[in-house]
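Listed here are the chains, written in short residue letters.
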Amino acid sequence: MKTNNLGYPRIGSNRELKKANELYWAGKITTEALLKTGEKIRLENWKLQAAIGIDFIPSNDFSFYDQVLDLSLTVGAIPERYHEFAETNSFLDLYFAMARGAQKNDQDVVAMEMTKWFDTNYHYIVPEFTKNQKFYLFSEKVVDEFKEAKTIGITSKPVLIGPVSYLLLGKEKEADFHRIDLLDKLLPVYFEIITKLQCEGASEIQFDEPFLALNLTDLERAAIVKTYNQIHKQFPTLKIQLANYFDCFGNNIETALSLPVDTFHLDLVRCPLQLDDILESNLLAPNTKISLGVVDGRNIWKNDFKKSLQLIQKAIDALGTDRVLIGTSCSLIHSPCDLDLETNEENLSTEVKQWLAFAKQKIEEVVVLRNLATNEITEYDQAQFEANTVANEKRKTATIIHNDAVKNRVASIEENDSKRNNPFAVRSIQQAKSLQLPLFPTTTIGSFPQTPEVRSWRAKFKKGDLSTKEYDALLKKETEETIRFQEQSGIDVLVHGEFERNDMVEYFGEQLAGFAFTKNGWVQSYGSRCVKPPVIYGDVSRPSPMTVKWAEYAQSLTPKWVKGMLTGPVTILQWSFVRDDQPRSTTCTQIALAIRDEVVDLEKAGIKIIQIDEPAIREGLPLQKEEWANYLDWAIKAFRISASGVADDTQIHTHMCYSEFNDIIQNIADMDADVITIECSRSQMELLDAFADFKYPNEIGPGVYDIHSPRVPSNDEMVNLLEKAASVIPIKQLWVNPDCGLKTRHWDETKKALIEMVKAAQKMRVAALEVV
Ligand code: GLN
Ligand code: ZN
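Residues numbered from 1 in each chain as written. Chains lettered and ligands numbered in written order. Predicted model: local features only at pLDDT ≥ 70, side-chain atom pairs only at ≥ 80, totals over all residues. Heavy atoms only, no water.

**Q** With reference to specific residues and values, describe the coordination of the zinc ion (ligand 2).
**A** Protein coordination of the zinc ion (ligand 2) is provided by His655 (NE2), Cys657 (SG) and Cys740 (SG), with donor distances spanning 2.0 to 2.3 Å. Its 4 donor atoms give the zinc ion (ligand 2) angles of 91 to 126 degrees at the centre, a pattern that matches the tetrahedral case. Sequence positions of the donors to the zinc ion (ligand 2) reduce to the motif H-x1-C-x82-C. Of this pair, histidine 655 sits in strand β22 (residues 651-656) while cysteine 740 is found in the loop between α27 (715-728) and α28 (747-771), placing the two residues 85 residues apart along the sequence. (Donors = N, O, S within 2.8 Å, 3.2 Å for Na, K, Ca; no water. Tetrahedral: all angles 85-135°; square planar, octahedral: opposite > 155°, others 65-115°. Helix = DSSP H or I, 4+ residues; strand = E, 2+ residues; numbered from the N terminus.)

Put into structure tokens, the structure is as follows:
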């Protein structure tokens, strides 16, 4: 019985890739140095997996920025606007320009759009397609990495996003065609890649078609059938592992099982029941194998060996060991690298640590499970099994997990707890009266640049090299300067800048009971950005106020309004590693009550505008539409519980970014935030099309510039976007703000961009007056 891994983290266990990328972008290291870092990470990953005993070791799972962008370059899907840039720049610089935009000498190109990878917090670069799109083999990364693994004696399993999922991940940039129509043009490039890989000795390739977990149209399903039949026809000896993950095959199961592939990979963590369906269906061809994704690639809990072995045994009974593979549920890029690096008892106690497994440990679990299931049990395996059983038993009864007061409070929530006192129409009048804001009020999303100095203060403070008093004094100074800059540039609703926060979820988690932290549990969010999700292991409560001190301080500096800044319950849930021993909705409601208490305390402290960020609402949507309503019901309710403890004239904002919101606009309106600021600029306000049909009732700030790029937009560009917005939304509902927080930007570009933004708002006000 073989062991199978779908992908390994590529950031390096000490975030080597992030650091090298950022040095390269800053012009501080050479191309060679960056390439060397990539090579080192790949070789280490391969060697580790081989040493532990993984049979199918993935290659092409490495990426300098994003695997979808890699594929766009592989198949030559390079949008027109980069062609000139490509002529005078290196491959790597073209690649990064597509990812991040570039302003270099007289060249100025904007980045490609970025969005979330299914229901994860990983962001990919959205392929752009035109009607006459051409594809050709432009980059041979996948072949090069296969060859590279061979140099250390490893015949790897190249991983490619399947052609259908690749097309579906993209966007049409012109009218009158569907991207799936491009399949016939795309397939020849895949054939070329497969030919090259086979020449180099690859016999088995993993094709990821995660769209098989979504509701597909007949057209899309037909495209899947065509793709794999054609590949099989062209390459009859090629073994294909068709990987689906994050949910069941659902309605696509018959289509999937009819495909001429060697192995179907199933995500049995998200969907354990589909194993029965498949085994009982008689649809599996006689020699086809299944890869059992029993080890969770999305969460950090130790595998439950007893449970996994039952599933594995069932599969072996039906198919025999030769037709069963044991694997991770999905790529491990969603897991931190190595639990062994967690040695800090204060962050992560031994008690909690014994319940966890990171990527390296997960790979070991896969191997031990295989051994346990095949009776090739060594003493080591037996000891692992016993340790696993003990740890999982202890977790069920641990006193640090259960808090009756919290459970009772959740049980006694009433209908009114999720309602403001009056509807928006009433509230908005009171807010207008007390806040006195101009038309097109300007604001930002919360964070200001987290400079190397700010980060060094925090590091020193954590190490004990700065006292609380010294640290606070530095943060106060930074906050005051930020307030002064906002006053001077004419921004209407100020923020304190979030300098005291490392991360918008970690900051809250650190102050809430029921959370644990890792020192090094980094996971890639996009490009060089990594996050360190907290671990929610127990019932959640708020021992004391979390943000009031900073909000109060900032407000004391200025007569203008300062917005209080909180992360919402759904986002805290979504961006944490969440308990798997109770429903997500229960954990979310517990967090909502804690945030509600904070909102009320901010109001008491004189903060009249409070933002509760929910950038992750959309990504929490289940992949299959039948399950949407249930999720939206509890998620929206949790937000409302957090927001509804205040008076009518306290203005609640929320913020969302990097998602398609069109299909849940009604639910976003149901959140009943007084103001929503929302990402729009990368898609040129496409999002607002939805507002043309749907009369969004409350106020809205469509982001007018992309903060994920160092590029400084001109005020005319922003006026242009605002005019688009004003054509579908009444101007008295419009706010002016960037797409998202500014923490990743430098001060220089931030100042320039915000000054331009205020100018744009002023121009809009003048134009509005002229109309009147
Ligand atoms: N308030 C947060 C910030 O400004 C919001 C970040 C986000 O939406 N991801 O950084
Ligand atoms: Zn955002």
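**Q** Residues and numbers for the sheet that holds strand β23 (residues 675-678), please.
**A** Read from one edge of the open sheet, 6 strands run β15-β20-β21-β22-β23-β24, paired in parallel fashion. Single-partner strands in this sheet number two, and they are β15 (493-494) and β24 (699-702). One ladder, built from 4 bridges, connects β22 with β23; its direction is parallel. By the bridge assignment, histidine 655 is partnered in β23 with threonine 677. (Pairing = 2+ DSSP bridges.)

**Q** Quick one: what's the story with the pairing of strand β12 (residues 263-267), residue by residue and with numbers?
**A** The element β12 is largely enclosed, with a buried count of 5 among its 5 residues. Pairing geometry for strand β11 (residues 239-243) and β12, over 3 bridges, is parallel. Among the inter-strand pairings, glutamine 241 is bridged to a residue of β12, identified as threonine 263. In the sheet, β12 pairs with strand β13 (residues 289-295) via 5 bridges, with the strands oriented parallel. The residue of β13 that forms the bridge with phenylalanine 264 is isoleucine 290. Of the crossover connections in this fold, the one passing from β12 over helix α11 (residues 274-281) to the parallel β13 is right-handed. (Buried < 20%, exposed > 50% of the residue type's maximum accessible area, 1.4 Å probe, protein only. Right-handed = clockwise from strand over helix to strand, strands pointing away.)

**Q** If you had to explain the side chain of arginine 15 to someone new, which residues and values would you point to?
**A** With respect to the secondary-structure elements, arginine 15 resides in the loop between β1 (2-4) and α1 (16-25). For the buried arginine 15, no salt bridge is present, and the opposite-charge side chain at shortest range is glutamate 22, 7.2 Å distant. Discounting chain neighbours no more than four positions away, the residues touching arginine 15 are Trp522 and Cys530. (Lys, Arg positive; Asp, Glu negative; His and termini not counted. Salt bridge = Lys/Arg side-chain N within 4 Å of Asp/Glu carboxyl O. Contact = heavy atoms within 4.5 Å.)

**Q** I'd love a proper account of the sheet that holds strand β10 (residues 204-208), names of residues and values included.
**A** The 8 strands lie next to each other as β1-β14-β13-β12-β11-β10-β8-β2, forming an open sheet whose pairing is parallel. Each edge of the sheet is formed by a strand with only one pairing partner; in this case those strands are β1 and β2 (58-59). As judged from the 2 bridges shared by β2 and strand β8 (residues 157-161), these two strands associate in the parallel manner. By the bridge assignment for β8, proline 58 is matched with lysine 157.

**Q** Give me the lowdown on the environment of alanine 318, citing residues and values where you can.
**A** Within the fold, alanine 318 resides in helix α12 (residues 305-319). Separated by 39 residues in the primary sequence, alanine 318 and leucine 279 place their C-alpha atoms 7.0 Å from one another.

**Q** Mind laying out a nonpolar patch on the surface, listing which residues take part and the relevant values?
**A** On the surface, Phe91, Tyr136 and Phe138 cluster together to form a nonpolar patch covering roughly 280 Å² of accessible area. Within the element layout of this structure, phenylalanine 91 appears in helix α5 (residues 91-100). (Patch = residues over 30% accessible without salt bridge, like charges linked within 9 Å, V, L, I, M, F, W, Y side chains within 5 Å. Areas by Shrake-Rupley, 256 points an atom, 1.4 Å probe, with all protein chains shown as cover.)

**Q** Help me get a handle on the packing of aromatic side chains, residues and values and all.
**A** Given two aromatic rings, their pairing is described by the distance between the two centres and the angle made by the two planes. Per the stated rule, a full pass over the model turns up 27 aromatic pairs. Here the aromatic rings of tryptophan 117 and phenylalanine 118 are separated by 4.8 Å at their centres, their planes lie at 85 degrees, and the arrangement is edge-to-face. Across the pair, phenylalanine 118 and tryptophan 117 agree in class, each one buried. Between tryptophan 550 and tyrosine 553 the ring centres are 6.3 Å apart and the planes differ by 85 degrees, which places this aromatic pair in the edge-to-face class. Taken together, the residues tryptophan 550 and tyrosine 553, both in helix α21 (residues 548-556) and 3 residues apart, mark about one turn of the helix. There is no split in this pair, since tryptophan 550 and tyrosine 553 are both buried. (Phe/Tyr/Trp six-rings, centres within 6.5 Å; stacked < 30°, edge-to-face > 60°.)

**Q** Got a sec to walk through the environment of arginine 484? Specific residues and values, please.
**A** Mapped onto the secondary structure, arginine 484 falls in helix α19 (residues 468-489). Taking the C-alpha atoms as reference points, arginine 484 and arginine 100, separated by 384 residues in sequence, lie 30 Å from one another. In terms of polar contacts, arginine 484 uses its side chain to reach the backbone carbonyl oxygen of leucine 557, at 3.0 Å. (Polar contact = N/O pair within 3.5 Å; in protein donor to acceptor, adjacent residues only side chain to side chain.)

**Q** Help me get a handle on the site of ligand 1, residues and values and all.
**A** As a matter of local geometry, ligand 1 sits amid Ile445, Gly446, Ser447, Glu498, Met504, Asp613, Pro615, His655, Cys657, Cys740 and Gly741. Between ligand 1 and glutamate 498 there is a distance of 3.0 Å, counted from a nitrogen atom to a side-chain nitrogen or oxygen. Here the residues of the shell around ligand 1 sort into 5 nonpolar, 4 polar and 2 charged. (Near = heavy atom within 4 Å. Nonpolar A, V, L, I, M, F, W, Y, C, P; charged D, E, K, R; others polar.)

**Q** Account for the side chain of threonine 37, naming residues and giving values.
**A** Mapped onto the elements, threonine 37 comes out in helix α2 (residues 31-52). Setting aside anything within four residues of it in sequence, one finds threonine 37 in contact with Glu16, Leu17 and Ala20.

**Q** Before we move on, can you summarise the packing of α27 against α28 with the specific residues and values?
**A** Where α27 meets α28, the closest approach of the two axes is 8 Å, and the angle between their N-to-C directions is 45 degrees. What the angle tells us is that α27 and α28 run oblique. Seen along the crossing, α27 lies across α28 with a hand that is right-handed. Of the residues in α28, those touching α27 at Asn715, Asp716, Met718, Val719, Leu722, Glu723 and Ala726 are Ala753, Glu756, Met757, Lys759, Ala760, Lys763 and Met764. (Axes fitted to C-alpha atoms, helices over the stretch in contact; angles between N-to-C directions. Parallel < 35°, antiparallel > 145°, perpendicular 65-115°, else oblique. Left-handed = near helix turned anticlockwise from the far one by under 90°.)

**Q** Quick one: what's the story with α5, residue by residue and with numbers?
**A** One full turn of an α-helix is made of 3.6 residues, so residues set three or four places apart face in the same direction. Most of α5 is tucked away, with 9 of its 10 residues classed as buried. Among the residues of α5, those classed as buried are Leu92, Asp93, Leu94, Tyr95, Phe96, Ala97, Met98, Ala99 and Arg100. Note on α5: the residue one or two positions beyond its end, glycine 101, has a positive phi of about 80 degrees.

**Q** Would you mind going over helix α17 (residues 424-435) in detail, with residue names and values included?
**A** Among the residues of α17, those classed as buried are Phe424, Arg427, Ser428, Gln431 and Leu435. Relative to the axis of α17, the buried residues are bounded by an arc of 100 degrees and lie together on one face. Residues of α17 that are exposed and point more than 90 degrees away from the buried face comprise Ala425, Ile429 and Lys433. Of the surrounding secondary structure, the elements contacted by the buried residues of α17 are β20 (561-567), β21 (609-613), β22 and β24. Count one or two residues on from α17 and you reach glutamine 436, which has phi positive near 55 degrees. (Arc of directions from axis to C-beta.)

**Q** Explain the environment of glycine 497 to me, using residue names and the numbers behind them.
**A** Residue position: glycine 497 is located in the loop between β15 and α20 (506-509). Judged by its relative accessible area of 0%, glycine 497 is buried. Remark: the alpha-carbon pair of glycine 497 and lysine 743, spanning 246 residues in sequence, is separated by 8.4 Å. Residues in contact with glycine 497, not counting those within four places in the same chain, are Gly446, Ser447 and Phe448.

**Q** Outline the pattern of salt bridges, supporting the account with residue identities and numerical values.
**A** Pairing of side chains with opposite charge becomes possible as their charged atoms draw close. The final tally for this structure, using the stated rule, is 50 salt bridges. Arginine 179 serves as the salt-bridge partner of glutamate 172, at 3.1 Å between the closest nitrogen and oxygen. Relative accessible area serves as the criterion here: at 23%, glutamate 172 is assigned to the partly exposed category. With a relative accessible area of 16%, arginine 179 lands in the buried category. The shortest N-O distance in the salt bridge between aspartate 601 and lysine 604 comes to 3.6 Å. You can see aspartate 601 and its partner lysine 604 sitting in helix α23 (residues 584-604), 3 residues apart, about one turn around the helix. What you see here is one network of salt bridges that share partners, running through Arg42, Asp70, Lys141, Glu145 and Glu148.

Bear in mind that shape data such as this cannot, by itself, settle questions of function.
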